[in-house]
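Each chain, letter by letter, is given below.
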Amino acid sequence: MHSLERIGRYRLERRLGSGAFAVVWLAHDDVLEAPVAIKVLAENWAGRLDVRERFLEEARLLRRAGSSRIVQVYDIGELPDGRPYFVMEYADGGTLADHPALAAGTPLPLPEALRLTALAARAAEALHTAGIVHRDIKPSNVLRHSSPDGRVRLLLADLGLAKSLAQASGLTMAAGSEGYRPPEQAVPGAGIDARADVYGLGALGHHLVTGTVPGPPGEVLRPDRLRPGLDPAVSRALLRALAPDREDRWPTALAFARELERLTDGTEATGGTGTAEATGGTGAADAAAPAHDSAPTAAPVPASASTVAAPLAARRPRRLVLPAVLAALAVVLGGTAAAVLLHRSPPAKDEGLRVTDSSGRVRVEVPADWGGQVRASGWDPAALGLRAGKEPGLAVADDLSRWQDLDTPVNGVFLGLSGHGDVAARVGALGHAGCHYEGGHAWAGGDWHGRVRTWSGCPGEEGSLTEAALTPADGTAHPQLYVQIRESDGGDEADRVLDSVRVAS
Ligand SMILES: Nc1ncnc2c1ncn2[C@@H]1O[C@H](COP(=O)(O)OP(=O)(O)OP(=O)(O)O)[C@@H](O)[C@H]1O
């Protein structure tokens with residue numbers, strides 16, 4: 001693919017992204033003198049006639065929808081090696097997944113979150129009117145396209161057809177994406193209707209409003225629990241869309257869109273900043289995110305959270321500068337957060353809360369009052385300067401939105417496993433300005449050993465920070481474990497929390 005320079009009359013410029021089934025290229029149409037996006041079916045699927053057909057069917061269906069809210073398809077063809085492709089409208093604003101707040105795992109300002117979800121719901125309604133169910137609504141399938149007048153349109157792209165076919169053929173890939181998939185979509189042969197997309201739209205709204213992908217159907221945490229102070233009517237509207245039984249959901253995407261628009265009017269009438277800002281719950285996100293979807297939108301995903309920290313520092317100059325690693329971890333966690341698994345230990349046993357990551361490999365037990373919020377779907381060791389990838393990881397804290405902000409009191413723990421690289425060397429080089437370094441000591445738990453370093457006097461009411469880099473006690477080099485523990489009041493739970501860490505092979 002890299003050797004390709006042209007596809008038909010289109011000159012390839014760069015790769016925009018890839019999904020499970022296809023690669024998408026930015027190309028230039030030399031005849032029309034306009035940029036286009038070209039989606040090419042991945043080589044490993046090209047031999048499957050049924051997948052090829054579904055891939056092209058997606059193009060035809062997108063074309064059939066013929067709405068300004070759905071990505072337009074201009075052309076369809078086949079490469080000399082037989083791979084099919086289709087040419088579509090290029091959305092220059094990236095996807096909603098690139099939104100800086102979402103990439104940082106923090107909520108959007110409430111009016112913006114509601115308005116974007118309503119726009120996505122209106123786009124889904126346009127598909128439904130054409131008799132098409134999307135089946136894979138998620139941020140990376142909602143594109144942002146700027147018009148010459150500077151306004152931004154949202155476009156729905158990438159139907160989940162190929163995935164549904166893979167599922168039907170007995171492959172492991174299920175239609176839809178984790179956290180966004182309604183229960184009926186996980187069952188082959190269960191009839192799917194437009195209400196499956198209402199569920200996906202509810203998940204999108206939940207993600208934008210709370211900064212967190214909802215847990216599995218029926219285990220979705222209430223949005224107002226994740227975003228303290230949230231208008232209960234917003235929470236109710238989102239939970240209704242996310243009802244496991246489709247009979248209990250909003251009956252149409254349009255009905256959901258109208259409710260969101262009504263709620264948006266309410267939040268804008270009361271000052272436009274949303275209740276979370278008023279209660280101080282999501283200051284970093286609100287400061288960093290553009291206020292409107294018509295604001296400049298080509299913002300790339302930040303490489304680190306410095307783009308989150310900068311506006312915060314500008315607004316509150318006396319605020320402690322964020323340590324880079326905490327900020328980077330928050331970004332990585334946010335970018336990969338997908339599932340929330342919260343297993344309460346039996347209450348009789350000293351009120352501990354046991355949390356397992358979504359891969360089931362990493363587990364930790366924390367005091368019950370640390371367990372307000374969980375992100376459990378992994379991390380990227382690139383945050384520590386190690387090889388990029390998705391590895392098991394989780395964070396649980398009483399307020400995750402403040403995790404990176406050492407100025408505010410937080411109690412919680414982050415655990416990240418890495419199958420590669422020297423975690424210990426990286427962690428050993430970290431420092432945390434604004435806190436007093438207490439020193440380090442060797443750690444020997446049951447299955448793990450390594451080094452623990454502690455900082456005290458962090459501004460959050462005598463907050464302390466404990467970091468550990470652990471390796472298997474049996475002498476094997478990997479995996480290695482990175483642990484961060486934050487305590488707000490000179491607490492002494494760190495050893496107990498470290499002791500409770502379990503890693504399944
Ligand atoms: N029309 C477009 N204009 C601009 N960028 C696009 C366009 N279509 C897709 N992209 C980019 O290409 C990426 C890959 O798209 P694709 O539809 O193949 O996969 P995905 O939705 O990310 O994943 P999956 O198909 O596995 O769910 C998108 O995330 C987006 O960044």
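In short, a report on the structure. (Residues numbered from 1 in each chain as written. Predicted model: local features only at pLDDT ≥ 70, side-chain atom pairs only at ≥ 80, totals over all residues. Heavy atoms only, no water.)

**Topic: the overall build of the chain**
- The number of helices and strands found in the chain is 15 helices and 19 strands.
- Expressed as a percentage of its 505 residues, the buried residues of the chain come to 55%.
- Considering only intrachain contacts with a sequence separation of at least 6, the fraction spanning at least 24 residues in the chain is 61%.
- Total accessible area on the chain stands at roughly 20400 Å², and carbon and sulfur atoms take up 52% of it. (Helix = DSSP H or I, 4+ residues; strand = E, 2+ residues; numbered from the N terminus. Buried < 20%, exposed > 50% of the residue type's maximum accessible area, 1.4 Å probe, protein only. Contact = heavy atoms within 4.5 Å. Areas by Shrake-Rupley, 256 points an atom, 1.4 Å probe, with all protein chains shown as cover.)

**Digging into the pattern of salt bridges**
- Taken as a whole and judged by the stated rule, the model has 19 salt bridges.
- Lys39 is paired through a salt bridge with Asp158; the nearest N and O atoms lie 2.9 Å apart. Linking Lys39 in strand β4 (residues 34-41) with Asp158 in the loop between β8 (152-156) and α5 (161-168), this pair joins segments that are 119 residues apart in sequence.
- By relative accessible area, Asp158 is classed as partly exposed at 23%.
- For the salt bridge of Glu261 with Arg122, the shortest nitrogen-to-oxygen distance reads 2.8 Å. Taken together, the residues span a long stretch of sequence, with Glu261 in helix α9 (residues 253-269) and Arg122 in helix α4 (residues 110-129) at a distance of 139 residues.
- Residue Glu261 is classed as partly exposed on the basis of its relative accessible area, which comes to 27%.
- A residue is classified by how much of its surface remains accessible, and Arg122, at 25% relative accessible area, is partly exposed. (Salt bridge = Lys/Arg side-chain N within 4 Å of Asp/Glu carboxyl O.)

**Things to note about a negative patch on the surface**
- Together, Asp369, Asp489, Asp492, Asp495 and Asp499 line one region of the surface with negative charge.
- With respect to the helices and strands, Asp495 occurs in helix α15 (residues 494-500). (Patch = residues over 30% accessible without salt bridge, like charges linked within 9 Å, V, L, I, M, F, W, Y side chains within 5 Å. Lys, Arg positive; Asp, Glu negative; His and termini not counted. Charge placed at Lys NZ, Arg CZ, Asp CG, Glu CD.)

**So, the nonpolar core**
- Among the nonpolar cores identified, the biggest contains 69 residues, and Ile70, Leu201 and Leu208 are the most heavily contacted of them.
- In terms of residue count, the dominant contributor to this core is α4 (11 residues).
- Viewed by domain, this core spans two of them, domain 1 (6-89) and domain 2 (96-289), each represented by three or more residues.
- The residues touching Leu208, leaving out its near neighbours within four places in the chain, are Leu96, Leu102, Pro107, Leu108, Ala113, Leu116 and Thr117. (Core = buried A, V, L, I, M, F, W, Y, C linked by side-chain atoms within 4.5 Å. Domains from an automatic or database assignment.)

**Points about the environment of Ser146**
- Tracing the backbone through its elements, the reader meets Ser146 in strand β7 (residues 142-146).
- Taking the C-alpha atoms as reference points, Ser146 and Ala91, separated by 55 residues in sequence, lie 7.5 Å from one another.
- With sequence-adjacent residues up to four places away left out, Ser146 is seen in contact with Asp92, Arg151 and Val152.
- One polar contact links Ser146 to Asp92, side chain to side chain, over a distance of 2.5 Å. (Polar contact = N/O pair within 3.5 Å; in protein donor to acceptor, adjacent residues only side chain to side chain.)

**Points about the site of the ligand**
- Taken together, 22 residues surround the ligand, and among them Ala20, Glu89, Lys138, Asn141 and Asp158 come closest.
- Interatomic distance of 2.9 Å between a backbone N/O atom of Glu89 and a nitrogen atom of the ligand.
- For the ligand, whose unbound accessible area comes to 610 Å², protein coverage reaches 88%.
- Of all elements in the fold, only β2 (10-18), β3 (22-29), β4 and β6 (84-89) reach the threshold of two or more residues within the shell around the ligand.
- Here the shell around the ligand gets three residues from one element, more than from any other, and that element is β2.
- Summarising the domain contributions, the shell around the ligand has at least three residues from each of domain 1 (6-89) and domain 2 (96-289). (Near = heavy atom within 4 Å.)

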